[in-house]
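Letter by letter, the chains look like this.
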Amino acid sequence: MGVRVAKASVRVDERTSARRVASTPANKAPKRPVRRKSPLWARLLIIVGALLVMGSGGTLLGGQLLLQHYTAAITHEGGLGTAAAEGKSIDGPINLLLVGIDERANDPDGGARADSIMIAHVPASHDSVFLTSIPRDSRVKIPAHWITRYDGGTDKINAAFQYGSQNGGGRDGGLELLAETVSGLAGGLKFNGAAIVNFDGFRGLVDAIGGVDLCVDEKVTSIHIGWNTKTGKEGVPYNINSDGTPGGLKPNMRPQVYTVGCRHFAAWEALDYVRQRDLLEKSDADYGRQRHQQQFIKAMLKKTTSTGVITNPIKVNAVLNSVGKAVSFYNNNVALGDWIFTLKGITPDSLVTMKANGGQFHSQNIGGQAFEILDDETKEMLTAIANDQVAAFVQAHPDVINNGDATP
């Protein structure tokens, strides 16, 4: 293919989990925090969920009954509308829509917005994956969706899921309208599959593989997890404004801080880290969060396909049970066994992560609302995805690659 992901040039020091223990109040071991309903950052990370099963598939394909059992727990019909690829073959190029959503339990009729959106493109050679994040505030045209009585219009791309899920549309309707919106944005791109990932289930999945190894590329302060300096108890360190941004630090609270360097992350740490977009050292907000989520996906894939997981029957069973709880995979009528066989050669080293807008803000205030405007290079990248010409595009535009290793 000729594409290489550049390694980060900055040397980082390794940190072990002892660092976290040492940073807590005296004689107070850090507790695994109790999760609250909150913006569920990247429930999108389905490429991990799908490839999790695929990575384990080499040792499991002999057990067809086992495969059928997990197929029923993971796969779903529909969800792609007019953006669905025709036919039941995935012999050629493959496109997956990966969606993370913010489900609001206190407003079941209001739908949900897509908190994170990614496209995973596998070229016809089936030897690599190109992962692209679309800024959730991108200004786009959203087509009409008659089932949920939405007339269409121009809005932020993350609103498409909400418009499709309201008035009884649910997850299927939200995913369908979002898929059709992304398809129009990318010149008629068709999807072979899509997925939504459940946050709580995904945490269990990371627990099942024993956490992940990550390299932190900028200091990140958590607005969700902190420690009371007097009692040692875990709690939310900041007052949270109505728009979800942090206000002032609460009295006696010390927020969880992720410092630059490489170390092992427990499940709760990793999932908290990749949720953050407000208090990032580089002030790169959503672009920083997108980069960290992509790094996390690569780290997950590396850990899941390691011999320590796929050769351990107990871990494999725990992983697959967690996948069923975490992943809703819309397989577009392609059998899960075919997905496993087709993508069994994908490795962490073949995952290329890319960035929209060069990882820089292109904001415009229109009608009192702040939008991200996709630049010409990003539009060319989306067209290259639709035409299965991503490798050539990356060679001509190496700046679109998100540099930095996911793991030590």
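Residues numbered from 1 in each chain as written. Predicted model: local features only at pLDDT ≥ 70, side-chain atom pairs only at ≥ 80, totals over all residues. Heavy atoms only, no water.

### Notes on the overall build of the chain
Assigned secondary structure in the chain consists of 13 helices and 19 strands. The 408 residues of the chain split such that 54% are buried. The contacts of the chain with a sequence gap of at least 6 include a subset with a gap of at least 24, amounting to 73%. Just so you have it, the chain exposes about 17300 Å², and 49% of that area is on carbon and sulfur atoms. (Helix = DSSP H or I, 4+ residues; strand = E, 2+ residues; numbered from the N terminus. Buried < 20%, exposed > 50% of the residue type's maximum accessible area, 1.4 Å probe, protein only. Contact = heavy atoms within 4.5 Å. Areas by Shrake-Rupley, 256 points an atom, 1.4 Å probe, with all protein chains shown as cover.)

### Quick word on the packing of aromatic side chains
Across all of its chains, the model carries 7 aromatic pairs by this definition. Taking 4.2 Å as the distance between ring centres and 10° as the angle between the ring planes, the aromatic pair formed by Tyr150 and Tyr163 counts as stacked. Of this pair, Tyr150 sits in the loop between strand 5 (139-142) and strand 6 (153-156) while Tyr163 is found in helix 4 (residues 159-165), placing the two residues 13 residues apart along the sequence. Residue Tyr150 shares its accessibility class with Tyr163, and that shared class is buried. (Phe/Tyr/Trp six-rings, centres within 6.5 Å; stacked < 30°, edge-to-face > 60°.)

### Topic: helix 5 (residues 170-185)
Note on helix geometry: an α-helix contains 3.6 residues per turn, so any two residues three or four positions apart are oriented the same way. Relative to the 22 Å expected for 16 residues at 1.5 Å per residue, helix 5 spans 23 Å between its end C-alpha atoms, a close match to the ideal helical length. One or two residues past the end of helix 5 sits Gly187, with phi positive at roughly 65°. (Expected span 1.5 Å × (residues − 1).)

### Looking at the state of the cysteines
Scanning the model with the defined rule gives 1 disulfide in all. Each disulfide pairs two cysteine sulfurs, and for Cys215 the partner residue is Cys262, the sulfurs being separated by 2.1 Å. Judged by the torsion about the S-S bond (105°), the Cys215/Cys262 disulfide is right-handed. Here Cys215 is found in strand 8 (residues 212-216), whereas its partner Cys262 is found in strand 14 (residues 261-265), with 47 residues between them in sequence. We note that Cys215, like Cys262, is buried. (Disulfide = S-S within 2.5 Å.)

### A few points about unusual backbone geometry
Negative phi is the rule for most residues except glycine; trans is the rule for most peptide bonds. The phi dihedral of Arg149 is positive, around 65°, even though this residue is not glycine. Along the chain, Arg149 turns up in the loop between strand 5 and strand 6. Even without being glycine, Ala285 reaches a positive phi, approximately 45°.

### Observations concerning the pattern of salt bridges
The tally for this structure, following the rule as stated, stands at 8 salt bridges. A salt bridge links Glu269 to Arg263; the shortest N-O distance between them is 3.1 Å. Taken individually, Glu269 and Arg263 each receive the classification buried, so the pair is uniform in this respect. Asp286 is paired through a salt bridge with Arg289; the nearest N and O atoms lie 3.0 Å apart. Here the residue Asp286 and the residue Arg289 both occupy positions in helix 8 (residues 285-304), the gap between them amounting to 3 residues, near one helical turn. Judged by relative accessible area, which is 13%, Asp286 ranks as buried. (Salt bridge = Lys/Arg side-chain N within 4 Å of Asp/Glu carboxyl O.)

### Structural notes on the nonpolar core
It is characteristic of soluble globular proteins that their nonpolar side chains tend to be buried jointly. Counting residues in hydrophobic clusters, the biggest one holds 50 residues, and the most contacted among them are Val212 and Phe296. Core analysis: the second largest hydrophobic core is formed by 41 residues, Leu80, Ile117, Val352 and Leu374 among them. (Core = buried A, V, L, I, M, F, W, Y, C linked by side-chain atoms within 4.5 Å.)

### Some thoughts on helix 8
Along its 20 residues, helix 8 runs 28 Å from first to last C-alpha, staying within 8% of the 28 Å computed at 1.5 Å per residue. With 18 of 20 residues buried, helix 8 lies mostly within the body of the structure.

### Quick look at the side chain of Arg136
Turning to its location among the elements, Arg136 is positioned in the loop between strand 4 (129-133) and strand 5. Residue class for Arg136 comes out buried when judged on its relative accessible area of 14%. Polar contacts involving the side chain of Arg136 include one to the side chain of Asp286, which spans 3.5 Å. Those residues in contact with Arg136 that lie beyond four places of it in its chain are Ala114, Asp115, Lys156, Ile157, Asn158, Arg277, Asp286 and Arg289. (Polar contact = N/O pair within 3.5 Å; in protein donor to acceptor, adjacent residues only side chain to side chain.)

### Let's talk about the pairing of strand 5
Burial of strand 5 is one-sided: the residues Val140 and Ile142 facing one way are buried, the residues Arg139 and Lys141 facing the other way are not. Where strand 5 lies against strand 6, 4 bridges are found, and the strand directions are antiparallel. Counted as the bridge partner of Val140 is Asp155 from strand 6. (Pairing = 2+ DSSP bridges.)

### What to know about the environment of Leu80
Mapped onto the elements, Leu80 comes out in the loop between strand 1 (75-76) and strand 2 (94-103). The sequence separation of Leu80 and Glu176 amounts to 96 residues, and the corresponding C-alpha distance is 4.4 Å. Not counting residues within four places of it along the chain, the set of residues in contact with Leu80 comprises Glu176, Ala179, Glu180, Phe191, Asn192, Gly193, Ala194 and Asn332.

### Re the confidence of the model for the chain
Residues with a pLDDT of 70 or more make up 76% of the chain, whose mean pLDDT is 78. Looking at the elements of the chain, mean pLDDT is at its lowest for helix 1 (residues 17-22), recorded as 38, and at its highest for strand 13 (residues 253-258), recorded as 97. Low pLDDT, under 50, characterises residues 1-63; the stretch is placed with 155 contacts to residues that sit more than four places away or in other chains. (pLDDT = per-residue confidence, 0-100.)

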